[in-house]
Amino acid sequence: MSHDNPYEALGGDGDARWAFGTGFTDPLAGVDTTAPAGVDGGDLAAYCLMLGDDALVMSHRLQEWCTRAPELEEEVALANIALDLLGQARLLLARAGQADGGGRSEDDLAFLRDAPDFRNVRLVEAANGDFARSMARLLVFAVWRLALLDRLAGSRDPVLAAVAAKGVKEVAYHRDYAAGWVVRLGDGTAYSRERMKEGLAAVWPLVAELFVPHEVELRLARAGVAVDPSQLRAEFDAVLDQVLDAARLTRPDAARPGEADAAQEGPADAAPAGAGGRDGRHGTELDEVLSVMQSVARALPGATW
Amino acid sequence: MSGELTGGTSGGTSGELSGGTSGGATGALSGGVRASWPLYEVFVRGKRGLNHVHVGSLRAPDDETALRHARDLYTRRNEGVSIWVTRSDHITASSPDEKDPFFAPSGDKVYRHPTFYEIPDDVPHM
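A few points on the structure.

What counts, and at which threshold
Residues numbered from 1 in each chain as written. Chains lettered and ligands numbered in written order. Predicted model: local features only at pLDDT ≥ 70, side-chain atom pairs only at ≥ 80, totals over all residues. Heavy atoms only, no water. Helix = DSSP H or I, 4+ residues; strand = E, 2+ residues; numbered from the N terminus. Buried < 20%, exposed > 50% of the residue type's maximum accessible area, 1.4 Å probe, protein only. Contact = heavy atoms within 4.5 Å. Areas by Shrake-Rupley, 256 points an atom, 1.4 Å probe, with all protein chains shown as cover. Pairing = 2+ DSSP bridges. 1 Å grid on protein atoms, 1.4 Å probe; cavity = no way out; pocket = protein on both sides within 12 Å on 5 of 7 lines; lining within 4 Å. Points joined across faces, edges and corners; volume = space filled by probe spheres on them. Nonpolar A, V, L, I, M, F, W, Y, C, P; charged D, E, K, R; others polar. Core = buried A, V, L, I, M, F, W, Y, C linked by side-chain atoms within 4.5 Å. Expected span 1.5 Å × (residues − 1). Bend = angle between axes of the 7 residues up to and from the residue. Axes fitted to C-alpha atoms, helices over the stretch in contact; angles between N-to-C directions. Salt bridge = Lys/Arg side-chain N within 4 Å of Asp/Glu carboxyl O. Polar contact = N/O pair within 3.5 Å; in protein donor to acceptor, adjacent residues only side chain to side chain. Parallel < 35°, antiparallel > 145°, perpendicular 65-115°, else oblique. Left-handed = near helix turned anticlockwise from the far one by under 90°.

## Examining the overall build of chain A
In terms of regular secondary structure, chain A is built from 13 helices and zero strands. Looking at the 305 residues of chain A, the share that counts as buried comes to 51%. When contacts within chain A are restricted to residue pairs at least 6 apart in sequence, long-range pairs at least 24 apart make up 77% of them.

## Description of the overall build of chain B
Summing up its helical and strand segments, chain B has four helices and three strands in all. When its helices and strands are written in sequence order, chain B yields α-α-β-β-α-β-α. Scored against the burial criterion, the 126 residues of chain B give a buried share of 23%. For chain B, the proportion of contacts with a sequence separation of at least 24, taken over those separated by at least 6, is 43%. About 8,500 Å² of surface is accessible on chain B, with carbon and sulfur atoms providing 53% of the total.

## Brief notes about the pairing of strand E1 (residues 39-46) of chain B
All names here are of chain B. Among the eight residues in E1, six count as buried, and that is most of the element. In the sheet, E1 pairs with strand E2 (residues 53-59) via six bridges, with the strands oriented antiparallel. Counted as the bridge partner of Leu 39 is Arg 59 from E2. Remark: six residues form the turn of the hairpin made by E1 and E2, two consecutive strands paired antiparallel. Where E1 lies against strand E3 (residues 80-87), seven bridges are found, and the strand directions are antiparallel. Directly across from Arg 45, in E3, lies its bridge partner Ser 82.

## Considering the layout of surface pockets
Residue and element names in this part refer to chain A. In this model, the second largest pocket occupies a volume close to 620 Å³. Every residue lining the second largest pocket is counted, 24 residues in all, and those nearest its centre are Asp 107, Ala 110, Phe 111, Ala 297 and Trp 305. Taken together, the residues of the lining of the second largest pocket break down into 15 nonpolar, five polar and four charged.

## Some words on the nonpolar core
By size, the foremost hydrophobic cluster in this structure holds 88 residues, and its most contacted members are Tyr47(A), Trp144(A), Leu152(A), Tyr177(A), Val182(A) and Phe236(A). Broken down by element, the residue count for this core peaks at 16 residues, all from helix H6 (residues 131-152) of chain A. Listed in part, the seven residues of the second largest apolar core include Tyr40(B), Val44(B), Ala60(B) and Ala70(B).

## Side note on helix H7 (residues 158-186) of chain A
Taking 1.5 Å of rise per residue, the 29 residues of H7(A) would be expected to cover 42 Å, and the 40 Å separating its terminal C-alpha atoms lies within 8% of that figure. Along H7(A), the sharpest change in direction is near 30 degrees and occurs at Val168(A).

## Points about the environment of Ala29(A)
Inspection of the secondary structure assignment puts Ala29(A) in the loop between helix H1 (6-11) and helix H2 (41-63). For the pair Ala29(A) and Ala162(A), spaced 133 residues apart in sequence, the C-alpha to C-alpha distance is 9.2 Å.

## Considerations on the sheet that holds E1(B)
All names here are of chain B. Across the sheet, which stays open at both edges, the three strands sit in the order E2-E1-E3 with antiparallel pairing between neighbours. Where the open sheet ends on each side, the last strands, each with one partner, are E2 and E3. Averaged over all pairs of adjacent strands, the angle between strand axes in this sheet comes to 30 degrees, irrespective of strand direction.

## Remarks on helix H3 (residues 72-99) of chain A
All names here are of chain A. In this model H3 runs 40 Å from its N-terminal to its C-terminal C-alpha over 28 residues, within 8% of the 40 Å that 1.5 Å per residue would give. Burial analysis of H3 places 21 of its 28 residues in the buried class, which makes it a mostly covered element. Phi turns positive, to about 75 degrees, at Gly 101, one or two residues after H3.

## Let's talk about the pattern of salt bridges
Close approach of charged atoms allows side chains with opposite charge to pair. Residue and element names in this part refer to chain A. A full pass over the atoms with the stated rule returns 23 salt bridges over all chains. Taking the shortest distance from any N to any O, the salt bridge between Arg 90 and Glu 106 comes out at 2.5 Å. Placement of Arg 90 in helix H3 and of Glu 106 in helix H4 (residues 106-111) is noted, with a sequence separation of 16 residues between them. Among the salt bridges present, the one from Arg 122 reaches Glu 125, with a minimum N-O distance of 4.0 Å. Residue Arg 122 and its partner Glu 125 are both found in helix H5 (residues 122-125); the two are separated by three residues, about one turn of the helix. On the basis of relative accessible area, Arg 122 is assigned to the partly exposed category, the value being 31%.

## Section: the side chain of Asn120(A)
Residue and element names in this part refer to chain A. Mapped onto the secondary structure, Asn 120 falls in the loop between H4 and H5. Among the polar contacts listed, one links the side chain of Asn 120 to the side chain of Glu 125, at a separation of 2.9 Å. Once residues lying within four places of it in the same chain are set aside, the contact partners of Asn 120 are Met 50, Asp 53, Asp 54, Val 57, Glu 125, Gly 277, Arg 278, His 282 and Leu 286.

## Brief notes about the packing of H3(A) against helix H3 (residues 63-74) of chain B
Running from N to C, H3(A) and H3(B) cross one another at 60 degrees; their axes reach a closest spacing of 9 Å. Here H3(A) lies oblique to H3(B), going by the angle between them. Once H3(A) is placed against H3(B), the crossing between them reads as left-handed. Taken together, the residues of H3(B) that come into contact with H3(A) (itself represented by Glu73(A), Glu74(A), Val76(A), Ala77(A) and Asn80(A)) are Thr65(B), His69(B), Arg71(B), Asp72(B) and Leu73(B). Classifying every residue of the contact of H3(A) with H3(B) by side-chain character gives three nonpolar, three polar and four charged.

Keep in mind that these numbers describe shape and distance, not what the molecule does.
This is how it looks when you write it as structure tokens:
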């Protein structure tokens, strides 16, 4: 084995390759794609849209850091995270199109729906703000989504279970990445700490919505297919507090321990059930995301590349 | 670019990084914040590789971050199972000026290769 060329040495199997990774896997290999018995296809599709839109819009916001990140290394790291989430979105939107029987493809769903048809939580559509705010949002998102996917890996729907099992490993890294920056900035200089506190405070009003269950989620949770997001709050608080402790920060609503539940109804995070992103209620920030994300597909209908 | 995050003093070019807070905070930056991160060298062991191979370099503020950057920059295409990183200035390298005294003397000593043995087919990695 020649080690003159690192690509040859890493590949090791003598294949002529332009890139040296091998052994790629299909997360849905061997997975039964028929919907589980007794589960409404419309509900399943709606649920896949919720989780898929979360990943799709979050991915787009992370992609916006390309060419704008503070360091080249961070830019690639953020793009990697965005691509992980885009991969989850593709699988979930494809599943949604299949489950509702409408025959829409993942691209149809991503690029040809209007904002009121998107089912993402509002956390993911908010503008990036500065780097600290983006890290606060990514931390909140990853902690929440990891807790969710961890439970969803046991879903009765084999596709959701497979997507979740793949996603757990990805989002665990996203959480680790964001936590690293929150600690570094929060426990850094006086200036970085101030920016980190502001970032966390800016994101915090969007947190409560993450734990408000939609009726579709509740129905599917009873059927063993979905996760009731209200069950995630305790883990979310525990993990977040651990990171914030290390960063010498506190939750913006953390008045006293043991009041987490009461704080959910506080004025800082008013997100009454039925008025959130899961019902298609979005801010103008989602319009901004979609106008960019969908511009090519809408300008050139049916184009392939 | 690095100056914008760690030393972004006055309203630089990127509104997202240096904007938001203005003027007043600059005093906190005057002491001891390095403008650029140190260089690291990255070594990756492939799935079937027996040893770590140098694949490139990167910049990072500390060792742990360097490891994560290496994961993000050099193992994106399913290449690696293990990564080493080390500060570039911790590597002592031979100099091109010393090439002849270092390497030329071994050029005619073919007897140092174990070419006088038959290697059995079932001995791997030779």
